[in-house]
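Inside the fold
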Amino acid sequence: MKCPYCGYEESKVIDSRPADDGERIRRRRECLGCGKRFTTHEVIETVPIIVVKRDRSREVFDRNKLLSGILRACEKRKVSIEQIEKMVDDIEMKLQNSLDREVTSQFIGELAMEELKKVDEVSYVRFASVYRQFKDINTFLEELNKLMSEK
Ligand SMILES: [Zn+2]
């Protein structure tokens with residue numbers, strides 16, 4: 001981002017916030033050459049996140065899929081849609097912030113379990129049983145015991 005005053009190439013970001021249209025981000029920058037401040041409007045880069053599934057096939061991360069998975073786990077529980085949206089937002093943000101463009105579906109599952117654990121234990125165990133693919137009732141009970149003993 002070139003400084004409009006002196007043309008120096010490097011600047012540091014002092015403040016950034018979404019612009020009114022929501023598609024751009026407004027940044028206050030300070031030139032590392034002359035120290036003057038200027039504002040830029042930058043297009044938000046949305047690099048798709050690629051999910052590597054258990055069978056090694058890949059697909060683009062689908063927020064709705066994650067949402068419906070969590071919804072299913074929270075069925076008939078006292079978890080509001082706002083809480084679920086918030087969990088999905090947090091997970092998505094973590095994925096966006098990780099430097100890897102490819103993540104495994106297990107990793108997303110772990111993140112979702114982390115969030116669910118904080119919100120509702122029954123939903124957590126339901127979700128975990130699907131994600132970890134418990135082979136039998138014993139592994140399932142083991143997980144349940146682990147959860148209980150953490151309290
Ligand atoms: Zn400058």
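Residues numbered from 1 in each chain as written. Predicted model: local features only at pLDDT ≥ 70, side-chain atom pairs only at ≥ 80, totals over all residues. Heavy atoms only, no water.

Rules: UniProt positions are given in the numbering used here, feature names are shortened, and annotations may be inferred rather than shown by experiment.
Going by what an unreviewed UniProt entry lists, the protein is known as Transcriptional repressor NrdR and is assigned to Candidatus Limousia pullorum. Taken verbatim from the UniProt record of the protein, the Function (unreviewed entry) comment is "Negatively regulates transcription of bacterial ribonucleotide reductase nrd genes and operons by binding to NrdR-boxes." Per UniProt, the protein has the following entry under Sequence similarities (unreviewed entry): "Belongs to the NrdR family."

1. Some remarks on the sheet that holds strand E1 (residues 11-18)
Here is the rule we go by: Strand pairing is defined by DSSP finding a minimum of two bridges between the two strands. In this description a helix means any DSSP run of H or I spanning at least four residues, a strand means any run of E spanning at least two, and both kinds are numbered starting from the N terminus. Every axis corresponds to a line fitted to the C-alpha atoms, with the helix fit spanning only the stretch in contact, and the corresponding angles, defined between N-to-C directions, vary from 0 to 180 degrees.
Strand order in the open sheet formed by three strands is E1-E2-E3, with antiparallel pairing between adjacent strands. Because the sheet does not close on itself, it has two edges, and the strands there are E1 and strand E3 (37-43). The sheet shows a mean angle of 30° between the axes of neighbouring strands, taken without regard to direction.

2. Quick notes on the coordination of the zinc ion
This is how the line gets drawn: The donor set covers N, O and S atoms within 2.8 Å of the metal, switching to 3.2 Å for Na, K and Ca, and it leaves out water, so a site may look short of donors. In short, tetrahedral needs four donors with all angles between 85 and 135 degrees, square planar needs four and octahedral six donors with opposite donors over 155 degrees apart and all other angles between 65 and 115, and whatever is left is irregular. Accessible area is worked out with a 1.4 Å probe on protein chains only. A residue is then buried under 20% of its type maximum, exposed over 50%, and partly exposed in between.
Within the protein, the zinc ion binds to Cys3 (SG), Cys6 (SG), Cys31 (SG) and Cys34 (SG); these donor distances fall in the range 2.3 Å. Between the four donor atoms coordinating the zinc ion, the angles at the centre fall across 105 to 114°, so the site counts as tetrahedral. Here the donor residues for the zinc ion map to a single chain with the spacing C-x2-C-x24-C-x2-C. A residue pair is termed long-range when its members are at least 10 positions apart, and Cys6 in the segment before E1 and Cys34 in the loop between strand E2 (24-31) and E3 qualify at 28 residues. With relative accessibility at 35%, the residue Cys34 sits in the partly exposed group.

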